[in-house]
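# Coordinate inspection notes
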Amino acid sequence: DQQVKQNSPSLSVQEGRISILNCDYTNSMFDYFLWYKKYPAEGPTFLISISSIKDKNEDGRFTVFLNKSAKHLSLHIVPSQPGDSAVYFCAASGGSNYKLTFGKGTLLTVNP
Amino acid sequence: EAGVAQSPRYKIIEKRQSVAFWCNPISGHATLYWYQQILGQGPKLLIQFQNNGVVDDSQLPKDRFSAERLKGVDSTLKIQPAKLEDSAVYLCASSKGQGALETQYFGPGTRLLVL
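Residues numbered from 1 in each chain as written. Chains lettered and ligands numbered in written order. Predicted model: local features only at pLDDT ≥ 70, side-chain atom pairs only at ≥ 80, totals over all residues. Heavy atoms only, no water.

## Structural notes on the sheet that holds strand S7 (residues 65-68) of chain B
Residues and elements named next belong to chain B. An order of S1-S3-S8-S7 is seen for the four strands of this open sheet, with the pairing classed as antiparallel. Looking at the sheet topology across the chains shown, the edges are occupied by strand S1 (5-7) and S7. On average, each strand axis in the sheet is tilted by 15° relative to the strand beside it, whichever way the strands run. In terms of strand pairing, strand S3 (residues 19-24) meets strand S8 (residues 75-79) through five bridges, oriented antiparallel. Within S8, the position partnered with Val19 by the bridge is Ile79. (Pairing = 2+ DSSP bridges. Helix = DSSP H or I, 4+ residues; strand = E, 2+ residues; numbered from the N terminus. Axes fitted to C-alpha atoms, helices over the stretch in contact; angles between N-to-C directions.)

If you want it as structure tokens, here you go:
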């Protein structure tokens, strides 16, 4: 039973355009959501997070939107750069258990 | 600041053999995690330590996997005996403390192939 779902295995965008990565979750106990970025042969690195008390969090070119009623979050990257090409993981935690549950990841390719 | 160190980076073994992975977390980080990432999947938490105590090992296959963090710093993860389905990347992560707001910092991982 996958509690965090990233239904798009891959996404390709042109440099300078917007990248939108999507994530759905099923566990109503989740109240904190994170995005991690992973380059080949490296470990995931933290990118941005959002608490369930907010619906938007912005950090430079990266913005995460949370729609609690739809149990959906998205990561927007504007403008996209070739260096953004990586696998992006959505993760969630909640309740008394701080354990992170990860999605399968989306491979983003930004073409010059 | 040095990141999370892991060794070896790659390991190939035959099924039924044993293997051990080592992790050195970021200095001062009390919480240490071991994750298993199977190809095409996201990382799955195997075990979480707070200092040298186990916080969560609910997803650790205890019949073959073991982990320790004796002095509350370095940690080792062992598989004995290995199965084909253990082929994966084993990621170690650390954070200053527990809690959802504590950022986890990941090492580069150990890629294990079981033949």
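Picking up after the structure, the text goes on.
## Digging into unusual backbone geometry
Here Ser7 of chain B and Pro8 of chain B are connected by a cis peptide whose omega angle stands at -10°. Here Pro8 of chain B is to be found in the loop between S1 and strand S2 (10-13). Here the bond from Gln80 of chain B into Pro81 of chain B is cis, since omega is -5°, no more than 30 degrees from zero. The topology assignment puts Pro81 of chain B in the loop between S8 and strand S9 (88-95). Positioned with a positive phi, Lys71 of chain A is a non-glycine residue whose angle comes to about 50°. Considering the arrangement of structural elements, one finds Lys71 of chain A in the loop between strand S7 (62-67) and strand S8 (72-77). When its relative accessible area of 26% is taken as the criterion, Lys71 of chain A is described as partly exposed. (Buried < 20%, exposed > 50% of the residue type's maximum accessible area, 1.4 Å probe, protein only.)

By themselves, these observations are geometric and do not establish any function.
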